[in-house]
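Residue-level structure breakdown
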Amino acid sequence: MNTAEIKFNNLNFFDFDNVEHYSKNIKDDDILHEMQRLDGIDKHSEEYNYLNLIAYNYPKDVNDKEFISNLVKYKFSKIQIDNNIHKDINKLFSTSKCEGGYPSACAPVYRNILVFYKQDKIIGIAKICFECGQSYILGSSNDVRDFGSCGEYGDCMKF
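These remarks concern the structure in this document. These numbers come from a predicted model, not from an experiment.

Reading the values: rules and limits
All chains use their own residue numbering, which begins from 1 and follows the written sequence. Reporting of local features is limited, given that this is a predicted model, to residues whose pLDDT is at least 70; pairs of side-chain atoms are given and counted only at 80 or more, and all residues count toward the totals for whole chains, interfaces and linings. Calculated side-chain values reflect all of the structure's heavy atoms, with hydrogen atoms and water omitted. Among the buried residues, those of types Ala, Val, Leu, Ile, Met, Phe, Trp, Tyr and Cys that are joined through side-chain atoms within 4.5 Å form a nonpolar core. When accessible area is computed with a 1.4 Å probe and restricted to protein chains, residues below 20% of their type maximum are described as buried, those above 50% as exposed, and intermediate ones as partly exposed. A run of H or I in DSSP counts as a helix once it spans at least four residues, and a run of E counts as a strand once it spans at least two, with each numbered from the N terminus. Whether two residues are in contact is decided by their heavy atoms: any pair within 4.5 Å suffices. Note on aromatic pairs: the rings of Phe, Tyr and Trp (six-membered ring only in Trp) are paired at centre separations within 6.5 Å, and the planes decide the class, stacked below 30 degrees, edge-to-face beyond 60, tilted for the rest. We define a salt bridge as a side-chain nitrogen of Lys or Arg found within 4 Å of a carboxyl oxygen belonging to Asp or Glu.

Here we come to the nonpolar core. Among the nonpolar cores identified, the biggest contains 25 residues, and Leu53, Ile54, Phe67, Phe76 and Ile113 are the most heavily contacted of them. At the level of secondary structure, the elements contributing two or more residues to this core comprise α2 (46-55), α3 (67-73), β3 (112-118), β4 (121-129) and β5 (134-138). Here phenylalanine 76 is in contact with Tyr22, Ser23, Lys24, Leu53, Ile54, Leu71, Tyr110, Arg111 and Ile113, once residues within four sequence places are set aside. Ranked by size, the runner-up nonpolar core spans 15 residues in total, among them Phe13, Ile81, Ala126 and Ile128.

The structure is reproduced here in structure tokens:
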């Protein structure tokens, strides 16, 4: 399928032509240990930057020049998402109303991060914690707060 065939509408989170998936195998025990050490750590240290990347709502802006270099520095694996899957991603990352969704109940560990591009410029970022169902989505003008609350994460697993 040609990406030109994918139609953007006002329900989609992003108008994209390229998606990269970054992932890292991180053990929960490692995260807990690191987070306990965060107290009193210099906010410019490598430890703080790493934890900010995997556990918090970072970056605050899609134009953050350090974000991609941090993913590389901290050894996230990168996979270029095949253009044939863009239609499914577009459908998944769109506004929907969910009745009877469930709230998330843990501190997220963002092991999976999707970076959306339009004409080689980052236009959106989606950090997802499949274990607890939380996400941090940046760059969409649509309401993203219900994303994942109706079981959409199962669809993400095929990417």
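A separate point is unusual backbone geometry. Glycine aside, residues mostly have negative phi, and peptide bonds are mostly found in the trans state. Along the chain, tyrosine 58 connects to proline 59 via a cis peptide bond; the corresponding omega equals 5 degrees. Looking at the element boundaries, proline 59 is found in the loop between α2 and α3. Unusually for a residue other than glycine, lysine 75 sits at a positive phi of about 60 degrees. Relative to the assigned elements, lysine 75 resides in the loop between α3 and β2 (77-80).

This structure, assessed with the given rule, holds seven aromatic pairs. Ring centres 6.3 Å apart and planes at 90 degrees place the aromatic pair phenylalanine 13 and phenylalanine 14 in the edge-to-face group. Comparing phenylalanine 13 with phenylalanine 14, the two get one shared label, buried.

Let us look at the pattern of salt bridges. Within this structure, the stated rule accounts for four salt bridges. Note that lysine 118 and aspartate 15 form a salt bridge whose closest N and O atoms lie 3.2 Å from each other. Highlighted residues: lysine 118 in strand β3 and aspartate 15 in the segment before β1 (18-23), separated in sequence by 103 residues. Relative accessible area serves as the criterion here: at 34%, aspartate 15 is assigned to the partly exposed category. Residue glutamate 46 pairs with lysine 73 through a salt bridge whose shortest N-O separation is 3.2 Å. Remark: lysine 73 occurs in helix α3 and glutamate 46 occurs in helix α2; sequence separation between them is 27 residues. Lysine 73 gets classed as partly exposed once you look at its relative accessible area, which sits at 39%.

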